[in-house]
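Here's the letter readout for the chains.
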Amino acid sequence: MTKRTFIIANWGSDSMLILLQYNHQPFLNQVTHFTGNDSRPYSVAVGDFNDDHRLDVVVANYGSDNVGILLGYGNRSFQNQMIYSTGFKFGPCSVAVGDINSDNRLDIVVANSLTNKISILLEYGNGIFLLKNSYSTGDDSHPNMVSVWDVNKDDQLDIIVVNSIKMYSYLMGYDSHPYSVALGDFNNDSWIDMAVTNYGTDNVEILLQAC
């Protein structure tokens, strides 16, 4: 039996939604978890933050300027949300999970749209995090999505940022307003490429890595 779990950030209702599906059948009854008054959750990511072999969830709460960590019990229920502030009026809108500092613990990268920065939260064990560093993505860039991947095959995770106003390294064209990115080897050359959606120009652009 194939089981799929879908986790959705609900901006309008300040909550995240858990949906369970078996073998392509209709979804089972939904489970809703409150993320805080006026939290306006924008995106979610999953990972095992406390090494109990159960998936946990991190939520980017745009409205309350924080990220919430919900440690899972393995049955679609979670502990109370642990809050980590990103800073006043930072506008966190995307989160990505990966071992950024190579200590075999999952860390969190946050895109902060209102301050043109990404933040790094390093895990120190048992699902406890510390806001370590922030990095600029450029003036008026408004980053709205992050992803992590070993792009250059040096066994170190890299960070890919989508800036809705301008791209920090790759220009996408006038008035493109890139919104989201997906990574994969699209041309089977063993290098990681990028697909970027541009809501300003209504297209998807493929960036093939050459080296």
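Structure: see above.
In what follows, the accompanying structure is described. (Residues numbered from 1 in each chain as written. Predicted model: local features only at pLDDT ≥ 70, side-chain atom pairs only at ≥ 80, totals over all residues. Heavy atoms only, no water.)

Looking now at the pattern of salt bridges. Opposite charge on two side chains allows them to pair when their charged atoms are near. Across all of its chains, the model carries two salt bridges by this definition. Residue Arg 40 is joined to Asp 38 by a salt bridge in which the shortest nitrogen-to-oxygen separation is 3.9 Å. (Salt bridge = Lys/Arg side-chain N within 4 Å of Asp/Glu carboxyl O.)

Most peptide bonds take the trans form, and the phi angle of most residues other than glycine is negative. Here the phi dihedral of Ser 102 falls at roughly 55°; this positive angle occurs in a residue that is not glycine. Secondary-structure assignment places Ser 102 in the loop between strand E8 (92-98) and strand E9 (107-112). In this model, Asn 126 sits at a positive phi of 60°, which is unusual for a non-glycine residue. Asn 126 sits in the exposed class, given a relative accessible area of 61%. (Helix = DSSP H or I, 4+ residues; strand = E, 2+ residues; numbered from the N terminus. Buried < 20%, exposed > 50% of the residue type's maximum accessible area, 1.4 Å probe, protein only.)

This part takes up the sheet that holds strand E10 (residues 117-123). One open sheet accounts for four strands, arranged E8-E9-E10-E11; its pairing is antiparallel. The open sheet is flanked by E8 and strand E11 (129-136), the only strands paired with a single partner. When the angles between neighbouring strand axes are averaged without regard to direction, this sheet yields 20°. Relative to E9, E8 runs antiparallel, the two sharing six bridges. Following the sheet pairing, Val 95 is matched in E9 by Val 110. (Pairing = 2+ DSSP bridges. Axes fitted to C-alpha atoms, helices over the stretch in contact; angles between N-to-C directions.)

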